[in-house]
Amino acid sequence: MSLDHRLPDELEELRRTVEAFAHDVVAPKIGEYYEQHAFPYEIVQEMGRMGLFGLPFPEEYGGMGGDYLALGVALEELARVDSSVAITLEAGVSLGAMPVYHFGTEEQKRAWLPKLCSGEMLGAFGLTEPDGGSDAGATRTTAVREGDDWVINGSKCFITNSGTDITGLVTVTAVTGRKAASDSSGGSPLISSIIVPSGTPGFTVGAPYSKVGWNASDTRELSFSDVRVPAANLLGEEGRGYAQFLRILDEGRIAIAALATGLAQGCVDESVRYAKERHAFGRAIGSNQAIQFKLADMEMRAHTSRLSWRHAASKLVHGEPFKKEAALAKLYSSEIAVDNAREATQIHGGYGFMNEYPVARMWRDAKILEIGEGTSEVQRMLIARELGVV
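The rules behind these values
- Residues numbered from 1 in each chain as written.
- Predicted model: local features only at pLDDT ≥ 70, side-chain atom pairs only at ≥ 80, totals over all residues.
- Heavy atoms only, no water.
- Helix = DSSP H or I, 4+ residues; strand = E, 2+ residues; numbered from the N terminus.
- Buried < 20%, exposed > 50% of the residue type's maximum accessible area, 1.4 Å probe, protein only.
- Polar contact = N/O pair within 3.5 Å; in protein donor to acceptor, adjacent residues only side chain to side chain.
- Contact = heavy atoms within 4.5 Å.
- Salt bridge = Lys/Arg side-chain N within 4 Å of Asp/Glu carboxyl O.
- Axes fitted to C-alpha atoms, helices over the stretch in contact; angles between N-to-C directions.
- Parallel < 35°, antiparallel > 145°, perpendicular 65-115°, else oblique.
- Left-handed = near helix turned anticlockwise from the far one by under 90°.
- Nonpolar A, V, L, I, M, F, W, Y, C, P; charged D, E, K, R; others polar.

(A) Spotlight on the side chain of Ser162. Summarising the element assignment, Ser162 is placed in the loop between strand S3 (149-160) and strand S4 (167-178). Owing to a relative accessible area of 2%, Ser162 belongs among the buried residues under this scheme. Of note is the side chain of Ser162, whose polar atom sits 2.9 Å from the backbone oxygen of Ile159. Apart from the residues lying within four places of it in its own chain, the contact partners of Ser162 are Ala124, Thr167, Val170, Val205, Asp218, Arg220 and Leu222.

(B) Region of the structure containing the pattern of salt bridges. Within the structure shown, the criterion is met by 26 salt bridges. One salt bridge connects Glu146 with Arg228, and the closest N-O pair in it is separated by 3.0 Å. Placement of Glu146 in strand S2 (residues 142-146) and of Arg228 in strand S7 (residues 219-230) is noted, with a sequence separation of 82 residues between them. For Arg228, a relative accessible area of 42% puts it in the partly exposed group. Ionic pairing is found between Lys367 and Glu370, a salt bridge with its closest N-O pair at 2.6 Å. For Glu370, a relative accessible area of 13% corresponds to the buried category.

(C) Just the packing of helix H4 (residues 83-103) against helix H6 (residues 241-277), in detail. At a minimum axis separation of 10 Å, H4 and H6 run at an interaxial angle of 160°. Considering their axes alone, H4 and H6 lie roughly antiparallel with respect to each other. Judged by the twist between their axes, the crossing of H4 over H6 is right-handed. Contacts from Ser83, Ala86, Ile87, Glu90, Ser94, Leu95, Met98, Pro99, His102 and Phe103 in H4 reach Gln244, Arg247, Ile248, Glu251, Gly252, Ala255, Ile256, Leu259 and Leu263 in H6. Considering only residue class, the contact of H4 with H6 consists of eleven nonpolar, five polar and three charged.

(D) Seen up close, the packing of helix H8 (residues 323-348) against helix H9 (residues 358-366). Remark: H8 packs on H9, axes separated minimally by 9 Å, with the N-to-C direction vectors making an angle of 150°. It follows from the interaxial angle that H8 and H9 lie roughly antiparallel. In the packing of H8 onto H9, the handedness of the crossing is left-handed. Counting all contacts with H8, which are made through Ala337, Val338, Ala341, Arg342, Ala344, Thr345 and His348, the residues of H9 involved are Val359, Met362, Trp363 and Ala366. The residue inventory of the contact of H8 with H9, partitioned by class, reads eight nonpolar, two polar and one charged.

Take a look at the structure:
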């Protein structure tokens, strides 16, 4: 039996639609947003009308009835042009809406998902803390049950989509108790996930970070001072928050891998165009073998990265174990995105250092891909663990 890696007709149609949107709508406008460190509400609104925020969710909740492969296809095409727009979609779906879909009650799903799927509202995932990056289990934010409420205190950092005018909720991980000291875990904290609606008293959203890249996306620090939300805002079972965010991160790594693949391919696109147009010493620089070899290596990396994230997504869609494949895809794609961005900048020479050229933006955006949703070091730990050597 032969393997066919071509996309089904409906996904190829989606890919072409998003490709056209990225080139016709995003590309002409995003540079100005990026330089002004402004959130592209107009573009995000159009993405919502296209149904991109609802791609992997059932129609009964306002979604498009697709899956993670469809989301990845859209993310790759957006990131070929701009990563700020792509990460807004990725975080809105994988981190904002997906926890509600996977772990929410029917009432929570019907209350939140329709607006999240339409892009009318964005959700965020409050996991990372100032003293706990890769060590997400070292959560210090607390939630204490008082009558029919949870009272939350603590802080989160580097939270995407948390402070826009259309942000509607943040799912916050918090310590809600401790396991019995007699338990084998030795009294380790019980972490739970709780939905905190935007505007809740005591919930403060910080000013936007001054970032190296992703400058047209929203990233903030959050603080919680006696924030009181109904007990019904608990997402899933109490004490299951750690397992929940591990699932969310495993899936999210596939989405980040697709995004990184798009950035890597965008570097190829821009470099091929420039190599044909730029002349030096009386001929196009693309006629030089040194440039040709760089472009060939860049295309090889992007192509292999695409196969990797699609393989991981296929396993997820078919209900098969995918943790190792997700880590492999995220690790490889993020590192080759950095490689391709560096080489694209080199091919462009001095122009590659000018913000008017997309590769300058890609160079600035690439590095965070080796850090967010699990650093490269964490991915190597996960892969080694799945190989059975840890």
